[in-house]
Amino acid sequence: MNQDSWLSCEKTAVLQGGFLLANRLCQPGSLSALQKEDWSKVGHPILQAVREICGQERGSCLSSVHWKKKVICVLWSKLLGRESEEDMEIGWRENPFFSLQNSLPDINRTVMFELVKLTGFSQIYAQLLLCLPLSHLSSELEKLVQHITRNSTEEDVRVLLEVWWELWKGKGGRQEDDLDKVFINQWTRLTNTTGLSPHAAKRFKSNPDTPTSPSTTDVLSIVFHALEEMKEHLSTSDLCYRALSNCLDSLYTSHLIDQAIILPAEVQLQSLTSTVTVRKRHAGIEKFDLVQVISKAHSDLKAAHTPSQFKPCRMTLMQALQTVSQLIQAWEKRGLLEMTDSSDPSDLALRLKSCLTRVLESLEQRSMSETMDEGERQTLNNMQSTFRGLLDSLSFPDTESKSGEMAHIAVAIIDHRLEGFQDFTMLFATELSWSLSVEEWISCLERNKNAFQRKDIVMKLVSTLIAKCQIDTEVEYCRKLKDIIVNIFAELPLTEKNTTLAEMLTCSKKGLQGSLPQAVTEGFSEELNMAFNCIIQGGAEQNNLSLAVAAIARVAFQNPEATLRRCCHLAVVNLGAHSLLSKILQQLSGLRGGAPGCTEETGSAAGSLLCSCLQETAMTKLSSAKEEDQFLHFLVALMQPSISESSERGQSFLHPEEVVCAFVLPHLSPSGSSTCSLELCLRLLHSAFSLDSQDASPHWVMNCSPFPLLCVLCQLLNEGCRCWELPAEGAPQHLTMESKVLLVTVLTALGKVVGREVALTPNTWSRALFWLYNKVEALDWTVRFHLKVVWGDHFKNEVPSSLLAVCELPEQEWSGLKLAQYGQGTGLLAWMECCAVSDEVQDTMLTSLALDQQRPDDVNMFSKGLLVAVTQTLPWCTVTEWGRLLRAMRELLHSGRLHVPYSLEYVDFLPLLDLRAFSCELRLSVLLLRVLQLLCGSSCKDWLPGQGWAHVGRLYASAMREVIDSLRGKLSQSSSNTSIKEPKEERAATTVSQEVLFVLSQLFCHVQHIQVMMPGGQCESLFLCALEILTHYEAVLAAHPSSSSHLEAENTRHFFTTITDNLESTEMKAVLHQKITQLSSSG
């Protein structure tokens, strides 16, 4: 460490000169052998030098304290070096004080102790003592006691009491400074026996880690015995009061308490105010430093209520009490404990009275709780009588601090951030707010906003603000106070902001605005607009998110309802804003409001402010499909579990249960009107199930009337068989084909959850289960199939009896129903409908189909019956259901159970190709052609309106795309198998491409045939499908030019053109003709 940073040359010279002059005055002796009695003859130069370099006249400043500590450190280190015979070679390298120490003459402890005594360095000395291990501390303390108990004076007593109490106060939260660290390092180095000379090692064996005997470490015993020896040297009442206070506080904190006593802030402030008032009265204005006095009074108060770090091991409680009792009696005889003026007690008298009260109360409790023999109890009673007598003699009345004085002391504590200031901020925010003028109180708040940054204090400040507004405080002050409180809230950590917002919501959904006059909250609307405008314009960049969260939290604190209402509005009307706003709200969990749940009366969300704002938005703002879509995405984002800083999935801002209760249950009805569309309800329900990954039981949906919900969904599905029909004007909600798919998905998901819960506790749900069964009994039998996961083993699968004639189904699981619309010969219709219900039911149908393939007539009849069944089923299928039927028909074709002969209707000459690999695609296309021919025939063409035919066209087009995808897959597979082109393999690839071209031409003809047959003559889906077939035809020709000659290509173009000419739509014909002319070949 740089030595120049420790002592300036000038002050070093002054200090050196003082010690050298004192050493000369000692001649023929020296300072190293100075006796206490001789100090008065030689000590003046040292005192004068120390006072000069430490600035005695400015003893309270930090610089002065620092220099005092430097002087003691240097002298103490020099003593340690001399006692441990420090090696000069090591010292000059490792001792930062080496040069200064060597410039001073040798000294002994008498010099240091007298310097401490006469310069008022007791506090500094005690602080350095506290840096030492306990064994070394007690050893050094004994050396001090040995010095001051020899030829004692009142100054010696004062040193003992000052060091004693400083030790008992401890470090008091004081951080070690650089000098403390250097001193500890020096002490550790010099007291370590490693590297010391043999003589020093024998003489100096102290070690911080070495256990020491109780007799050498009982600090309480050391100071008590020292005071006993010096009791005759006390001559003033205040000194006696101080000594007794030290004794009582020491025995109280060492023997009578085992944990710190936390005094209420008001009690602390009263005590501090009393002490400060008395000291101010006795010290005078000129010598009074308010901050210093408060700090000292607080440390004294804290030390008197905190267990001592010095645990007694020699002196028992009874011995300590006996010592104090003897001291009281001795000083009472000398008249030192009599008060001269009871109307004006000193601060020491106040302290003694408090000490006596505490000790007596504790002894009373102890005597009642502990068993003692008669002698001990009598002794204790005698000592208590002595203490009570002394307490009675302190006859001055308890000083009651005025609230105004207490408030000013609190202001000083908070302004200067004195130790424990946090304890008084809450008091200042509430009771003390009435003890100062409004201007003073608000000024202190404004200066110290960061001192009040605690959620509980913010809420107390809100209460105070409301109270002040109610007593007609000037609007200007109230508005300023409101702004300060909002600013304090804005600086809280996010977790505390959320806690405060949650508490604010329990008070009023309008926040501050709900409790303050309008004049005080004026300007909030502009602030709200500005906050959201800045957020929307700033975007969703990550660095802006925290600022956006802070801005929304600030306005939400003032009015949660208005803030959430604006969030919901902007999330719907501003394109893309829902994403950013949901991220912001996910961070503000305090705005969640009430717990999720459904009320028994309405089934709506209970207690959630956000839900009510969302409901208001749904009723007034959803005027377009785009806004409805944004609203949905906003809700879905809010239902997403938030991610905490520890990357753990947390609670979602909006629980799925709330969404279902607020936006699904009240609006999901097959017959009633609703502000939310049926499709939106279904999408929300689907999203709630999709987001949820809960495995625990019971599932949240069991709180959302699950059985009535299942019943309503089934009713909707039952009434939605003709989803392509347009609703009549004024009709209730309408189910589209897309909504029907979603409805089945939701019904299946809900059924699985409810079925799992029913299986876990069947007795609990048995009545609800039978209620549901009775409710859906009148619905279509296919609808009830979706509840199989709910029924479990409680009910059989109920199907038309005609189905049992074509299927071999076990009676234990299946039962027949006599339905009027399912008479004789309708078994295959029921079979097809079962195949469309679900994949599981379809597998059962395919497996249990009763068909003897050895009997050609049966296969032929089955194939014709299936054709009719598909014709009856097709118009009312969703895309998903139609996909299942196509799968079933392919399976029947592959297994040979479905016979579909392929006739060459659209070929002039027999193609010399191997079409076996494509037989399934060709036969499926022909089957669908026959279905559409039957459906478009004279007996069936009036079944469907225009919307129905459009739906049939879309389903047929989707089937053709599946066939095309199958062809492309087979062609790709053939091409990959012949990637290394050998002549034989190349010819095989050409053959496959020719077969694919032939199949595509047949598909094109089938599509065009149906296009011509279909009522109306125009079907956009079929038109686009025909274009797609031509596009694929062209791609195959381009990839395999040799698969078609120029003549064949020309014939094909002519053939396609002729087929297309039959279309009625001129526009469609023109587009298709143009596409056909682009077909070419390089062969």
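Rules used in this analysis
- Every chain's residues receive numbers from 1 upward, in the order its sequence appears when written.
- Local features in this predicted model are restricted to residues whose pLDDT is 70 or higher, and side-chain atom pairs enter the listing and the counts only when it is 80 or higher, whereas totals over whole chains, interfaces and linings include all residues.
- Only heavy atoms go into the side-chain values, all of them from the structure, while hydrogens and water stay out.
- Elements are defined by DSSP. Helices are runs of H or I of four residues or more, strands are runs of E of two residues or more, and each kind is numbered from the N terminus.
- Whether two residues are in contact is decided by their heavy atoms, any of which lying within 4.5 Å being enough.
- Each accessible area value is a Shrake-Rupley result obtained with a 1.4 Å probe; residue values ignore everything except the protein chains displayed when judging cover.
- Patch membership needs two things, relative accessible area over 30% and no salt bridge, and members are linked within 9 Å if like-charged or within 5 Å if nonpolar (Val, Leu, Ile, Met, Phe, Trp, Tyr).
- What makes a salt bridge here is a side-chain nitrogen of Lys or Arg within 4 Å of a carboxyl oxygen of Asp or Glu, nothing more.
- Throughout, exposure labels follow a simple rule: accessible area from a 1.4 Å probe, protein chains only, divided by the maximum for the residue type, with under 20% read as buried, over 50% as exposed, and the rest as partly exposed.
- The span one expects for a helix is its residue count, reduced by one, times 1.5 Å.
- For the purpose of counting charges, residues Lys and Arg are taken to be positive, whereas Asp and Glu are taken to be negative. His and the chain ends are not included.
- Any two of the Phe, Tyr and Trp rings considered here, Trp counted by its six-membered ring, make a pair once their centres fall within 6.5 Å; the pair's planes then place it as stacked at under 30 degrees, edge-to-face at over 60, or tilted in between.
- Nine residue types can take part in a nonpolar core, namely buried Ala, Val, Leu, Ile, Met, Phe, Trp, Tyr and Cys, and a core is a set of them joined through side-chain atoms within 4.5 Å.
- The angle between two axes is taken between their N-to-C directions and runs from 0 to 180 degrees, where each axis is a line fitted to C-alpha atoms and a helix contributes only its stretch in contact.
- Roughly parallel here means an angle under 35 degrees, roughly antiparallel means over 145, roughly perpendicular means 65 to 115, and every remaining angle is called oblique.
- Two helices cross in a left-handed way if the nearer one is turned anticlockwise from the farther one by less than a right angle. They cross in a right-handed way if the turn is clockwise.
- Gly counts as polar in this scheme, as do all residues outside two lists: the nonpolar Ala, Val, Leu, Ile, Met, Phe, Trp, Tyr, Cys and Pro, and the charged Asp, Glu, Lys and Arg.
- Definition of a polar contact: a pair of N or O atoms within 3.5 Å, with one able to donate and the other able to accept a hydrogen when the atoms are protein atoms, and with sequence-neighbouring residues admitted only if both atoms are side-chain atoms.
- A pair of cysteine sulfur atoms is labelled a disulfide when the two atoms are within 2.5 Å.
- pLDDT is defined as a per-residue confidence score from the predictor, taking values between 0 and 100.

Our focus in this paragraph is the overall build of the protein. On a plain count of helices and strands, the protein comes out with 50 helices and four strands. Within the protein, counting contacts between residues at least 6 apart in sequence, those at least 24 apart form 78% of the total. For the protein, the accessible surface area stands at approximately 49,800 Å², while carbon and sulfur atoms represent 50% of it.

A contiguous nonpolar surface patch, about 360 Å² in accessible area, is contributed by Leu904, Leu910 and Leu912. Note on placement: Leu910 falls in the loop between α44 (879–895) and α45 (919–935). Overall, the relative accessible area of 63% leaves Leu910 in the exposed class.

This brings us to unusual backbone geometry. In this structure, Pro28 follows Gln27 across a cis peptide bond, with omega equal to 15°. With a phi close to 50°, Arg417 is a non-glycine residue in the positive phi region. If you check the backbone angles, Ser705 has positive phi at about 50° while not being a glycine. Turning to its location among the elements, Ser705 is positioned in the loop between α34 (678–691) and α35 (706–718).

For α34, which comprises 14 residues, the first-to-last C-alpha distance of 20 Å matches the rise-based estimate of 20 Å (1.5 Å per residue) to within 8%. Of all 14 residues that make up α34, 10 are buried, and the element is covered over most of its length. Considered for burial, the residues of α34 that qualify are Leu678, Leu680, Cys681, Leu682, Leu684, Leu685, Ser687, Ala688, Phe689 and Leu691.

As a further point, take the side chain of Lys468. For Lys468, the position within the fold is in helix α24 (residues 455–470). Nearest to the buried, unbridged Lys468 among oppositely charged side chains is Glu440, at 11 Å. Filtering out sequence-adjacent residues up to four positions away, Lys468 remains in contact with Ser433, Trp434, Val438, Trp441, Thr473, Cys478 and Leu481.

Counted under the stated rule, the structure contains 25 aromatic pairs. Here the aromatic rings of Trp831 and Phe862 are separated by 6.5 Å at their centres, their planes lie at 80°, and the arrangement is edge-to-face. Placement of the pair is Trp831 in helix α41 (residues 827–837) and Phe862 in helix α43 (residues 856–873), with a sequence separation of 31 residues. Trp831 sits in the buried class, given a relative accessible area of 0%.

Let us now look at the pattern of salt bridges. Taken as a whole and judged by the stated rule, the model has 45 salt bridges. With its nearest N and O atoms 2.7 Å apart, the salt bridge here joins Lys302 to Glu419. Placement of the pair is Lys302 in helix α17 (residues 290–303) and Glu419 in the loop between α21 (403–415) and α22 (422–429), with a sequence separation of 117 residues. We classify Lys302 as partly exposed; its relative accessible area is 39%.

So, about the environment of Val712. Its place among the elements puts Val712 in helix α35. Note: C-alpha distance between Val712 and Leu747 (35 residues apart in sequence) is 9.9 Å.

Another point: the nonpolar core. Counting residues in each nonpolar core, the largest one holds 147 residues, and the members touching the most others are Phe428, Phe557, Ile584, Phe663, Leu668 and Leu713. In this structure, Val74, Leu160, Cys355 and Leu394 belong to the second largest nonpolar core, which totals 108 residues.

Running from N to C, α34 and helix α36 (residues 737–760) point in directions that differ by 40°, and their axes come no closer than 9 Å. Comparing the axis directions of α34 and α36 gives the class oblique. Our pair here, α34 against α36, has a crossing hand that is left-handed. Seen from α34, the contacting residues are Glu679, Leu682, Arg683, Leu685, His686 and Phe689; seen from α36, they are Ser739, Leu742, Leu743, Thr745, Val746, Ala749, Leu750 and Val753.

For any two helices packed against each other, one specifies the crossing angle of their axes together with the interaxial distance. At a minimum axis distance of 9 Å, the contact between helix α8 (residues 122–129) and helix α10 (residues 154–169) shows a crossing angle of 40°. Judged by the angle between their axes, α8 and α10 are oblique. As for the relative orientation of α8 and α10, their crossing is right-handed in sense. On α10, the residues that touch Ser122, Gln123, Tyr125, Ala126 and Leu129 of α8 are Val159, Glu162, Val163, Glu166 and Leu167. Along the lines of polarity and charge, the residues of the contact of α8 with α10 split into six nonpolar, two polar and two charged.

It is worth spelling out the environment of Gln268 at this point. By the secondary structure assignment, Gln268 is in helix α16 (residues 265–283). Linking Gln268 and Leu301, residues 33 residues apart in sequence, is a C-alpha distance of 7.9 Å. Once you skip the residues sitting within four places of it in the chain, Gln268 turns out to touch Leu263, His298, Leu301, Asp423 and Phe424. A distance of 3.0 Å separates a polar atom in the side chain of Gln268 from the backbone oxygen of Leu263.

Between its first and last C-alpha, α35 extends 18 Å over 13 residues, near the 18 Å set by a 1.5 Å rise per residue. Along α35, 10 of the 13 residues are buried, which leaves the element largely enclosed by surrounding structure. Taken together, the buried positions of α35 are Pro706, Phe707, Leu709, Leu710, Cys711, Val712, Leu713, Cys714, Leu716 and Leu717. For α35, the elements touching its buried residues are α33 (656–664), α34, α36, α37 (762–776), α38 (781–785) and α39 (788–791).

Mapped onto the secondary structure, Thr563 falls in helix α29 (residues 560–573). One polar contact links the side chain of Thr563 to the main-chain amide nitrogen of Ala556, over a distance of 3.3 Å. At a separation of 2.9 Å, a polar atom in the side chain of Thr563 contacts the main-chain carbonyl oxygen of Asn559. Aside from chain neighbours lying at most four places away, what touches Thr563 is Leu528, Phe532, Ile552, Val555 and Ala556.

Turning our eyes to something else, we now look at the state of the cysteines. A covalent bond bridging the sulfur atoms of two cysteines is what the word disulfide describes. Tallied over the entire structure, the rule returns zero disulfides. Free of any disulfide, Cys73 has its nearest neighbouring cysteine sulfur in Cys131, separated by 8.1 Å. No disulfide involves Cys714; its sulfur sits 6.9 Å from that of Cys711, the nearest cysteine. Since its relative accessible area comes to 0%, Cys714 is described here as buried.

The next subject is the confidence of the model for the protein. Here the protein averages 85 in pLDDT, while 89% of its residues score no lower than 70. Under a pLDDT of 50 for its full length, residues 599–607 has, in the predicted model, 18 contacts with residues more than four places off or in other chains.

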